[in-house]
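# Observations on the model geometry
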Amino acid sequence: MEGAVAFRTTLRNRARKYPDREDPRYDDHLILPSIRPSFAIPRHSAVFTIGSCFAREVEDALLEAGVSVPTAGFSAPREEAPGRPNRILNQYNPGTMLQCIQAAGQKADARALYETANPELVLDSLLATGSRPVARARAMERRTQINTLYHEGLAQADTVVITLGLIEAWYDHEHGVYLNEVPPRPLLERAGKRFEFRRMDLGECRSLLDEMIVALTATRKRHIVLTVSPVPLQVTFSGGDAVTANAYSKAILRVVAEQVAQDHDCVDYFPSYEIVITAGLRAFGEDNVHVRPAIVSRIVAHMLSHYLED
């Protein structure tokens, strides 16, 4: 941009200065950045959510606002994934998110189902199961249910909210898939080069996210809200301290999200990550990992106040 044009544009930007505590964007230890949506979400429409545990929190706020959220109705038995009934839908890295979209409506396959010491049970490393084994038939049934949810839920949804979680992932070269959880350690020990730990770089994340956008908009016009989860990675496999590894992970995802939002007209970026970190640790629960529900509600209310159409 020409220098004089950039200067004039900046003078017209009322949000150009970082807010102090007298700024209307500051609200009780949170800073709520100004937002300029490029589309609206009709109140009586459906929103499909993809991502980590923060995406599950977003679902609650959307439901309270009267928006239909297909993923919120999914449930798995508590013994398979403790916590929320639909916690098993959590996806953390861009690779597994893309695989879920690609598998929508497809026949379930057995890739990344790993045998345990009990030959009748398997672990599903594509899902957030907390390393809880199930019978192979149940694992396949569950995958079929999730593929159906993605197919039918996306068919209803004009808007998709994607919450990017982290860049650390495991890859199974034999099966050609990204994994959502670490493979069983005994298998890792004897598998040689079959499994690879990947700390995704900017290029890999960008390629995967571009594929996601193309897949979601291939057959119909659809709007996408892209955000970065404020929930930190709980364990790092990259070496060093988890705090600095998390900062690097979020930085990569934030840059990729910015690039994708700029390059795809159907994509908006929403700053949920930025909002949470302005409040520091007071935004988190006792574990310093999960964002307090009251904070999530304020964040999503901020989003809906700009996006939701009566």
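Reading guide: rules and limits
- Residues numbered from 1 in each chain as written.
- Predicted model: local features only at pLDDT ≥ 70, side-chain atom pairs only at ≥ 80, totals over all residues.
- Heavy atoms only, no water.
- Buried < 20%, exposed > 50% of the residue type's maximum accessible area, 1.4 Å probe, protein only.
- Helix = DSSP H or I, 4+ residues; strand = E, 2+ residues; numbered from the N terminus.
- Pairing = 2+ DSSP bridges.
- Axes fitted to C-alpha atoms, helices over the stretch in contact; angles between N-to-C directions.
- Contact = heavy atoms within 4.5 Å.
- 1 Å grid on protein atoms, 1.4 Å probe; cavity = no way out; pocket = protein on both sides within 12 Å on 5 of 7 lines; lining within 4 Å.
- Points joined across faces, edges and corners; volume = space filled by probe spheres on them.
- Patch = residues over 30% accessible without salt bridge, like charges linked within 9 Å, V, L, I, M, F, W, Y side chains within 5 Å.
- Areas by Shrake-Rupley, 256 points an atom, 1.4 Å probe, with all protein chains shown as cover.
- Salt bridge = Lys/Arg side-chain N within 4 Å of Asp/Glu carboxyl O.
- Parallel < 35°, antiparallel > 145°, perpendicular 65-115°, else oblique.
- Left-handed = near helix turned anticlockwise from the far one by under 90°.
- Nonpolar A, V, L, I, M, F, W, Y, C, P; charged D, E, K, R; others polar.
- Expected span 1.5 Å × (residues − 1).
- Arc of directions from axis to C-beta.
- Phe/Tyr/Trp six-rings, centres within 6.5 Å; stacked < 30°, edge-to-face > 60°.
- Lys NZ or Arg CZ within 6 Å of the ring centre and 35° of its normal.

Bringing the pairing of strand β8 (residues 159–164) into the picture now. The buried fraction of β8 amounts to 6 of the 6 residues, a majority that puts the element mostly inside the structure. Neither face of β8 is left uncovered, since the one carrying Thr159, Val161 and Thr163 and the one carrying Val160, Ile162 and Leu164 both have all their residues buried. As paired strands, strand β4 (residues 47–51) and β8 are joined by 5 bridges and run parallel to one another. Following the sheet pairing, Gly51 is matched in β8 by Thr163. Bridging between β8 and strand β12 (residues 223–228) involves 6 bridges; their strand directions are parallel. Looking at the pairing, Val161 lines up with Val225 of β12.

As a further point, take the sheet that holds β8. Taking strand neighbours across the sheet as the criterion, the 4 strands line up as β4-β8-β12-β13 in an open arrangement whose pairing is parallel. The sheet terminates laterally at β4 and β13 (267–269), the two strands that pair on one side only. Shown here is a sheet whose adjacent strand axes are inclined to one another by a mean of 20°, direction ignored. Its contacts with the sheet put helix α3 (residues 94–102) on β4 and β8, and the angle it makes with β8 is roughly 150°.

What follows deals with empty space enclosed by the protein. Within this structure, the stated rule accounts for 2 cavities of 30 Å³ or more. Reported here for the largest cavity is a volume of approximately 60 Å³. Forming the walls of the largest cavity are Phe54, Val58, Val161, Thr227, Phe270, Ser272, Ile299, Val300 and Met303. Put simply, the parts of the chain that give the lining of the largest cavity at least two residues each are α2 (53–64) and α9 (293–307).

Moving on, we come to the sheet that holds strand β6 (residues 121–124). Here 3 strands make up an open sheet; going across it, the order is β5-β6-β7 and the pairing antiparallel. Among the strands making up the open sheet, the edge pair consists of β5 (113–115) and β7 (134–135).

Attention now goes to the pairing of β4. Of all the 5 residues making up β4, 5 are buried; the element is thus mostly covered by neighbouring parts of the structure. Side chains Val47, Thr49 and Gly51 of β4 all project onto a buried face; the interleaved residues Phe48 and Ile50 project onto the opposite face, where all are buried too.

It is worth spelling out a nonpolar patch on the surface at this point. On the surface, Val182, Val235 and Phe237 cluster together into a nonpolar patch covering about 250 Å² of accessible area. With respect to the secondary-structure elements, Val235 resides in the loop between β12 and α7 (242–263).

This part is about the packing of helix α6 (residues 202–216) against α7. Here α6 crosses α7 at 40°, and the two axes come no closer than 10 Å. Taken together, the axes of α6 and α7 are oblique relative to one another. Between α6 and α7 lies a crossing of right-handed hand. On α7, the residues that touch Leu202, Cys205, Arg206, Leu209, Asp210 and Ile213 of α6 are Ile252, Leu253, Val255, Val256, Gln259, Val260 and Asp263. Looking at the contact of α6 with α7 residue by residue, the classes come out as 9 nonpolar, 1 polar and 3 charged.

Note on pairing: side chains with opposite charge can pair once their charged atoms come close. Under the counting rule described, the total for this entry stands at 20 salt bridges. Its salt-bridge partner being Asp109, residue Arg143 comes within 3.8 Å of it at the nearest N-O pair. Of this pair, Arg143 sits in helix α4 (residues 136–156) while Asp109 is found in the loop between α3 and β5, placing the two residues 34 residues apart along the sequence. Linking Glu174 and Arg194 is a salt bridge whose minimum nitrogen-to-oxygen distance equals 3.7 Å.

With 15 residues, α9 ought to run about 21 Å at 1.5 Å a step, and its terminal C-alpha atoms sit 21 Å apart, in line with that. The set of residues buried in α9 consists of Ile295, Val296, Ile299, Val300, His302, Met303, Leu304 and Tyr307.

The end-to-end C-alpha distance of α7, which contains 22 residues, comes to 32 Å, matching closely the 32 Å that a straight helix rising 1.5 Å per residue would cover. Where α7 is concerned, the buried positions are Ala245, Asn246, Ser249, Lys250, Ile252, Leu253, Val256, Ala257, Val260 and Ala261. The arc enclosing the buried residues of α7, seen along the axis, measures out at 160°, which places them on a common side. Of the exposed residues in α7, those oriented more than 90 degrees away from the buried face are Val243, Thr244 and Gln262.

Scanning all chains against the criterion turns up 7 aromatic pairs. Measuring from centroid to centroid gives 5.3 Å for Phe39 and Tyr307, while their planes differ by 50°, and the two rings are tilted. Within this pair, whereas Phe39 is found in the loop between β2 (30–31) and β3 (41–42), its partner Tyr307 is found in helix α9, the two being separated by 268 residues in sequence. Their ring planes at 75° and their centres at 5.0 Å tell us that Tyr171 and Tyr178 sit as a pair that is edge-to-face. Take Tyr171 and Tyr178: they sit in the same class, and that class is buried. Among the aromatic side chains, those forming a connected cluster through ring pairs are Trp170, Phe197 and Phe237. The side chain of Arg198 reaches across the aromatic face of Tyr171, ending 4.1 Å from its centre. For Arg254, the ring lying beneath its charged end belongs to Tyr269, and the centroid distance is 3.8 Å.

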